[in-house]
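The lines below spell out each chain.
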Amino acid sequence: MKHKISIFWFRRDLRLDDNIGLYNALKGEYPVVPIFIFDKNIIDDLPKNDARVTFIFETLQKIRQELQEKHNSSIALFYGSPKIIFKTLISEFDIQNVYINHDYEPYAIKRDARIKEFLAGLNVPFQTYKDQVIFEKGEILKSDGNPYIVYTPYKNKWKELFDIRKLKIFTSEKLLDNTIKKINLPTVSLSEMGFTKSHIKTPEYNASSSVIQNYEDTRNFPAIDNGTSRLGPHLRFGTVGIRSIIKKAIAEENEIFWSELIWREFFMQILWHYPHTTTKSFKPKYDRIEWRNNEQEFEQWKKGETGYPMVDAGMRQLNQTGYMHNRVRMVVASFLCKHLLIDWRWGEAYFAEKLLDYDMSANIGNWQWASGSGVDAAPYFRIFNPTTQITKFDKQLEYINTWVLDLNELTYPVPIVEHKLARERCLSIYKKALD
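Described in the following lines is the structure provided in the data block. No experiment lies behind these values; they were computed from the predicted model shown.

## Observations concerning the overall build of the protein
- For the protein, the count of helices and strands is 19 helices and five strands.
- Radius of gyration (C-alpha) of the protein: 23 Å, near the 22 Å computed for a compact globule of 435 residues.
- Along the three orthogonal principal directions, the C-alpha set of the protein runs to about 75 × 50 × 45 Å.
- Looking at the protein residue by residue over its 435 residues, the buried ones come to 56%.
- Taking the intrachain contacts of the protein between residues at least 6 apart in sequence as the baseline, contacts between residues at least 24 apart amount to 80%.

Laid out in structure tokens, this is it:
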């Protein structure tokens, strides 16, 4: 006789505490089998030493260990296509409910719709919850019912609607004894999926009072180790919940830190309302730009061999660590699109491959911002001077000297393009496309 169970499907919410979907599953009538699916439709195209796959795998091992040691239970790990995995689960268990938290990316929306339809055919409810954001989908709209496409009014509306007194923390961690007791749940190894362990480590985040309180003063200086929180990958994969971080930011009364968290939700709702921006510019006329798309120059940019020290430092930091400081991201993105006139989609795809904190909505939003083609973007005539950025934000060359070890060697490349020439060329090409 099959066990009557509920399933909680982990995705972008890899934590046992303050997890809304998990909380509701555990409060239900049936013991819960937690699962995670390494979706082959997503990971098969990734590099075989992808640091994010390693991070997810190691996080799941910690979850498994906690469930085993404290609750005499476990988590089932699968590699494959989600629908095929659910067919297997249906054959092994008498599934009463499936619980998830929402995902807003185009592939995830289609995937979840397919799973919901499959389960509906078997009369299995598919219960979904809002977990990775404070506000989602159509919750923040203009008075005419349309979504905001400018950040500041969106932020103001967000703050107007937000009430910390109504911000509930869901104590899912207190209900974990309701997970299914030890039965042989399947598992999978990195090697079985064709992956090797990455040497790149995902750093712990630091949302301490000092980091948040000093954020405005330190966030633009890439040489300062604790100038930013490193929350990116942890919010992306849900190893920390947004509600606890928002509460912390508000308690510390740091407006700038709080606003950065709202930017994340702004870009998420833009992608949800305008999914075409995954491949097309939000402002259609920007797709008329005649990009040079010089492949050799793109390779030099990727390797950090442009002859512009801040650009090269950023790209080398990214390649070696999976991280790049946000100020430097703006510089390297502007340089690719405006100095080299290479399509923002090329840069977006490279960041998507390399960034530990890669999040489709933020990556697309920020690349379109840098190229001028997105919502609330930098105007096309705003072109970062990569040399004056050094004098403003790395005057002592501490950041650059950390990553560009050959800066003073004869082998260091000469600038790939002269700034004044590149600026004039960019203005001419953009003007031609936009007029």
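Read on for the rest.
## Some points on the packing of helix α14 (residues 326-339) against helix α19 (residues 419-434)
- Interhelical geometry of α14 versus α19 gives an angle of 65° and a closest axis separation of 9 Å. Regarding the angle of α14 to α19, the classification is roughly perpendicular. Residue-level inspection shows Cys337, Lys338 and His339 of α14 in contact with α19, the latter providing His419, Ala422, Arg425, Cys426 and Tyr430.
- Classifying every residue of the contact of α14 with α19 by side-chain character gives four nonpolar, two polar and two charged.

## What about the nonpolar core?
- In this structure, Trp301, Phe351 and Tyr430 are the most contacted members of the largest nonpolar core, which totals 54 residues.
- Of all the secondary structure elements, the ones that give two or more residues to this core are α12 (295-303), α13 (309-321), α14, α15 (344-354), α16 (360-371), α18 (398-403) and α19.
- Residue contributions to this core peak at eight residues, all from α14.
- Among residues more than four places away in sequence, those in contact with phenylalanine 351 are Trp301, Met315, Leu318, Met324, Arg329, Val332, Tyr358, Asn363 and Trp367.
- Ala25, Phe38, Val53 and Phe170 belong to the second largest nonpolar core, which has 31 residues in total.

## A short note on the sheet that holds strand β1 (residues 4-10)
- The strand order across the open sheet built from five strands is β3-β2-β1-β4-β5, with neighbouring strands paired in parallel fashion. The strands lining the two open edges of the sheet, one partner per strand, are β3 (76-80) and β5 (126-129). Across the sheet, the mean angle from the axis of one strand to that of its neighbour is 25°, orientation sign disregarded.
- Relative to β5, strand β4 (residues 94-101) runs parallel, the two being bridged by four bridges. Residue isoleucine 100 lies in a different strand from β5, and its bridge partner there is threonine 128.
- Contacting β2 (32-39) and β3, helix α3 (residues 51-71) runs over the sheet at an angle of about 165° to β2.
- On top of the sheet, helix α4 (residues 82-92) reaches β1, β2, β3 and β4; it is set at about 150° to β2, its chief contact.

## So, the side chain of serine 172
- Along the chain, serine 172 falls in the loop between α6 (151-161) and α7 (209-213).
- Judged by its relative accessible area of 0%, serine 172 falls in the buried class.
- A polar contact of 2.7 Å, which involves the side chain of serine 172, links it to the backbone oxygen of leucine 16.
- Residues within four places of serine 172 in sequence aside, it is in contact with Leu16, Asp17, Asp18, Asn19, Leu22, Tyr23 and Leu26.

## Notes on the side chain of arginine 64
- Examined against the element boundaries, arginine 64 turns out to sit in helix α3.
- Glutamate 192 is the oppositely charged side chain nearest to the buried, salt-bridge-free arginine 64, at an N-O distance of 9.4 Å.
- Here threonine 187 takes part through its side chain, which lies 2.9 Å from a polar atom of the side chain of arginine 64.
- Among all residues touching arginine 64, those that are not within four sequence positions of it are Ser74, Ile75, Leu77, Pro186 and Thr187.

## Points about unusual backbone geometry
- The phi dihedral of lysine 137 is positive, around 40°, even though this residue is not glycine.
- Mapped onto the elements, lysine 137 comes out in the loop between β5 and α6.
- Despite not being glycine, glutamate 253 shows a phi value in the positive range, around 55°.
- Tracing the backbone shows glutamate 253 in the loop between α10 (242-251) and α11 (255-273).

What counts and what doesn't
- Residues numbered from 1 in each chain as written.
- Predicted model: local features only at pLDDT ≥ 70, side-chain atom pairs only at ≥ 80, totals over all residues.
- Heavy atoms only, no water.
- Helix = DSSP H or I, 4+ residues; strand = E, 2+ residues; numbered from the N terminus.
- Rg over C-alpha atoms; globule rule 2.2 N^0.38 Å.
- Buried < 20%, exposed > 50% of the residue type's maximum accessible area, 1.4 Å probe, protein only.
- Contact = heavy atoms within 4.5 Å.
- Axes fitted to C-alpha atoms, helices over the stretch in contact; angles between N-to-C directions.
- Parallel < 35°, antiparallel > 145°, perpendicular 65-115°, else oblique.
- Nonpolar A, V, L, I, M, F, W, Y, C, P; charged D, E, K, R; others polar.
- Core = buried A, V, L, I, M, F, W, Y, C linked by side-chain atoms within 4.5 Å.
- Pairing = 2+ DSSP bridges.
- Polar contact = N/O pair within 3.5 Å; in protein donor to acceptor, adjacent residues only side chain to side chain.
- Lys, Arg positive; Asp, Glu negative; His and termini not counted.
- Salt bridge = Lys/Arg side-chain N within 4 Å of Asp/Glu carboxyl O.

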